[in-house]
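One-letter residues, chain by chain:
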Amino acid sequence: MGQILAVVIGLVLIGAILWWFFGKHTEAAGNATINGNTQAATVVVKGGYSPSTVVLKKGVPGKVKFDMQDSTACLSHVVFDKLGVNEDLTKRPVTTVDIPTDQAGEYDFACGMDMFHGKVIVK
Ligand SMILES: [Cu+2]
């Protein structure tokens, strides 16, 4: 009886650990709102990026709007390495970054210290 209990507790703990590490990956990706000839997705910056993944439609000029609600230095800049973008988000409440959508691909972004990560998927 004690053994079964130990196994059950073990499985629950393993499940909790897996959820803790991998649960965030199931967070829904944000989709862009298409408005006429352009599309925009909003990422709220507050203790991280929410959502941390946004999806843009290929072929429609795209923007990602960073809605700054964080006051820590950590998240003050957003860096898109591949695009050569390094924006100071503290200058205005919402900072817009243009994303090339002529071909499918992924653009990773991170805070200035490379601690928080997100990505934009074009497909
Ligand atoms: Cu940081």
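Just so it is clear, the model here is predicted, and its values are computed rather than measured.

This paragraph deals with unusual backbone geometry. Cis geometry marks the peptide bond from serine 50 to proline 51, where omega comes out at -5 degrees. Inspection of the secondary structure assignment puts proline 51 in the loop between β4 (49-50) and β5 (53-56). Backbone geometry at aspartate 114 places phi at a positive 65 degrees, although glycine is not the residue there. Relative to the elements of secondary structure, aspartate 114 occurs in the loop between β10 (105-111) and β11 (117-122).

The next point concerns a nonpolar patch on the surface. A cluster of nonpolar side chains, Ile4, Val8 and Val12, forms an exposed patch at the surface whose accessible area comes to about 280 Å². As for its placement among the helices and strands, valine 8 is situated in helix α1 (residues 2-22).

A few words now on the coordination of the copper ion. The copper ion binds to the protein through Cys74 (SG) and Cys111 (SG); the donor distances cover 2.1 to 2.3 Å. Residue cysteine 74 is located in the loop between β6 (62-68) and β7 (77-80), and its partner cysteine 111 is located in strand β10; the two are separated by 37 residues in the primary sequence. The class of cysteine 74 is buried, set by a relative accessible area of 13%.

Strand order in this open sheet of six strands is β1-β5-β11-β10-β7-β8, and the pairing throughout is mixed. Two strands lie at the open edges of the sheet, namely β1 (30-31) and β8 (85-88), each paired on one side alone. Pairing geometry for β10 and β11, over six bridges, is antiparallel. Within β11, the residue paired with phenylalanine 109 across the bridge is glycine 118.

In this section: the packing of aromatic side chains. Enumeration over the complete set of coordinates arrives at five aromatic pairs. With a centroid separation of 6.3 Å and an interplanar angle of 75 degrees, the aromatic rings of tyrosine 49 and phenylalanine 66 are classed as edge-to-face. One end of the pair, tyrosine 49, is in strand β4; the other, phenylalanine 66, is in strand β6, and 17 residues separate them in sequence. Take tyrosine 49: its relative accessible area is 7%, and that puts it in the buried class. With centroids separated by 5.2 Å and ring planes inclined at 35 degrees, the aromatic side chains of phenylalanine 80 and phenylalanine 109 adopt a geometry described as tilted. Here the residue phenylalanine 80 occupies a position in strand β7, and phenylalanine 109 occupies one in strand β10, the gap between them amounting to 29 residues. We note that phenylalanine 80, like phenylalanine 109, is buried. One aromatic cluster is present, built from ring pairs that chain together Tyr49, Phe66, Phe80 and Phe109. The lysine or arginine in question, lysine 82, covers the ring of tyrosine 107, its NZ or CZ lying 5.3 Å from the ring centre.

For aspartate 88, the position within the fold is in strand β8. For the buried aspartate 88, no salt bridge is present, and the opposite-charge side chain at shortest range is lysine 91, 4.7 Å distant. Within the local environment of aspartate 88, its side chain forms a polar contact with the side chain of threonine 90, the two groups lying 2.6 Å apart. Once you skip the residues sitting within four places of it in the chain, aspartate 88 turns out to touch Ser76, His77 and Thr95.

Quick notes on the rules
- Residues numbered from 1 in each chain as written.
- Predicted model: local features only at pLDDT ≥ 70, side-chain atom pairs only at ≥ 80, totals over all residues.
- Heavy atoms only, no water.
- Helix = DSSP H or I, 4+ residues; strand = E, 2+ residues; numbered from the N terminus.
- Patch = residues over 30% accessible without salt bridge, like charges linked within 9 Å, V, L, I, M, F, W, Y side chains within 5 Å.
- Areas by Shrake-Rupley, 256 points an atom, 1.4 Å probe, with all protein chains shown as cover.
- Salt bridge = Lys/Arg side-chain N within 4 Å of Asp/Glu carboxyl O.
- Donors = N, O, S within 2.8 Å, 3.2 Å for Na, K, Ca; no water.
- Buried < 20%, exposed > 50% of the residue type's maximum accessible area, 1.4 Å probe, protein only.
- Pairing = 2+ DSSP bridges.
- Phe/Tyr/Trp six-rings, centres within 6.5 Å; stacked < 30°, edge-to-face > 60°.
- Lys NZ or Arg CZ within 6 Å of the ring centre and 35° of its normal.
- Lys, Arg positive; Asp, Glu negative; His and termini not counted.
- Polar contact = N/O pair within 3.5 Å; in protein donor to acceptor, adjacent residues only side chain to side chain.
- Contact = heavy atoms within 4.5 Å.

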